[in-house]
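Coordinate analysis (summary)
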Amino acid sequence: RDGLAHVDDPALAARIESRLGAGQAELGRYADALNSLQRASRLHASLQGSDRTGEARVESIRGWVLRDLGRYEESASALRRSLALAEGTPGELNPAALRALNNLAYTLQLAGHKQESIDAYERVVGWFSEHEPPDSQARRGAASRDAFPGVSCGIGQGRLVAPVPTAEVDRLIAVVSS
């Protein structure tokens, strides 16, 4: 840790703190993770420029750490900040914003904010409906039904959609981006 004091590049130090926080969270060291993410956030805030990707990533990681701790309202706030930072033009989703939105939808579902969760999931599904190849849509629908038996995969009429697994979001983003 003392080595970071000698890192001259704040952007590099911020990335290191962010990755450290993610690793600590994966090991269940949530207090350490939140401290590392706080330092990363301060470092990112000190950087000049319009690229807010690093800040968005830190808030996204903070969101899932807080969600894992059962602190859903704080998690939703962090994920909303991540989404706002990641969105280039409001309403247009890029991969980082899409991941944040998918995580936000799931967090809102866990927190019992049913309508907000449905609205967020509808945005996720709408993005994929506009961007993914048709055969991929059919595979995703079948995979969601298999992965979440008994969970309504429909949208509307007050039903929650099945969460889109993060790995599936990443795979679809890769297909669409290529």
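Residues numbered from 1 in each chain as written. Predicted model: local features only at pLDDT ≥ 70, side-chain atom pairs only at ≥ 80, totals over all residues. Heavy atoms only, no water.

**A word on the overall build of the chain**
Rules: For the purposes of this entry, the term helix denotes a DSSP run of H or I that reaches at least four residues, the term strand denotes a run of E that reaches at least two, and both are numbered from the N terminus. Only heavy atoms matter for contacts: two residues are in contact if any of them lie within 4.5 Å across the pair. In short, Shrake-Rupley with a 1.4 Å probe defines the accessible areas, and a residue's cover is counted only from the protein chains shown.
In terms of helices and strands, the chain carries eight helices and zero strands. Going from N to C terminus, the chain has its helices and strands arranged as α-α-α-α-α-α-α-α. For the chain, contacts bridging at least 24 residues in sequence account for 54% of all contacts bridging at least 6. About 9,400 Å² of surface is accessible on the chain, with carbon and sulfur atoms providing 52% of the total.

**Overview of the nonpolar core**
For clarity, the threshold we go by: As used in this record, nonpolar core signifies buried Ala, Val, Leu, Ile, Met, Phe, Trp, Tyr and Cys residues forming a set joined through side-chain atoms within 4.5 Å. The classification of residues rests on relative accessible area computed with a 1.4 Å probe and restricted to protein chains. Under 20% of the type maximum is buried, over 50% is exposed, and intermediate values are partly exposed.
Counting 17 residues, the largest nonpolar core has Leu83, Leu98, Leu101, Leu104, Val124 and Phe128 as the members making the most contacts within it. Take this core: its biggest share by element is seven residues, from helix H5 (residues 95–111). The next biggest cluster of nonpolar side chains, apart from the first, holds eleven residues, and it includes Ala33, Leu34, Ile61 and Ala78.

**A few points about the confidence of the model for the chain**
Going by this rule: Note on scores: pLDDT gives the predictor's confidence for each residue, bounded by 0 and 100.
On average, residues of the chain score 76 in pLDDT, and 65% of them reach the 70 mark or higher. Mean pLDDT values for the elements of the chain range from 49 in helix H7 (residues 134–147) up to 93 in helix H4 (residues 72–86).

**What about the pattern of salt bridges?**
We count it as follows: Here, a salt bridge means any side-chain nitrogen of Lys or Arg that lies within 4 Å of a carboxyl oxygen of Asp or Glu.
For the structure shown, the criterion picks out seven salt bridges. Between Arg81 and Glu59 there is a salt bridge, with its nearest N and O atoms 2.9 Å apart. Taken together, the positions of Arg81 in helix H4 and Glu59 in helix H3 (residues 53–68) put the pair 22 residues apart, joining distant regions of the chain. For Arg81, a relative accessible area of 41% corresponds to the partly exposed category. Taking relative accessible area as the criterion, Glu59 reaches 6% and is therefore assigned buried.

**What to know about the side chain of Ser36**
Just so we agree on the cut-off: Whenever a nitrogen or oxygen atom comes within 3.5 Å of another N or O atom, the pair is scored as a polar contact, on the condition that within protein one atom can donate a hydrogen and the other can accept it, and that pairs from neighbouring residues in sequence are kept only if both atoms are in side chains.
If you trace the backbone, Ser36 turns up in helix H2 (residues 30–46). Polar side-chain contacts of Ser36 include one of 3.2 Å to the side chain of Arg39.

**Focus on H3**
The condition that has to hold: Under the convention used throughout, the expected extent of a helix is 1.5 Å for every residue step, that is, one less than its residue count.
With 16 residues, H3 extends 23 Å from end C-alpha to end C-alpha; this agrees with the ideal 22 Å at 1.5 Å per step. Within H3, twelve of the 16 residues are buried, which leaves it mostly tucked inside the rest of the structure. Taken together, the buried positions of H3 are occupied by Gly54, Glu55, Ala56, Val58, Glu59, Ser60, Ile61, Arg62, Gly63, Val65, Leu66 and Arg67. Looking at the buried positions of H3, the neighbouring elements they touch are helix H1 (10–26), H2, H4 and H5.

**Considerations on the environment of Glu73**
Looking at the secondary structure, you find Glu73 in helix H4. Each C-alpha atom, one on Glu73 and one on Leu108, is 8.2 Å from the other, the two residues being 35 residues apart in sequence. The contacts of Glu73, once residues within four sequence positions are left out, are Ala111 and His113. Among the polar contacts made by the side chain of Glu73, one reaches the side chain of His113 at a distance of 2.7 Å.

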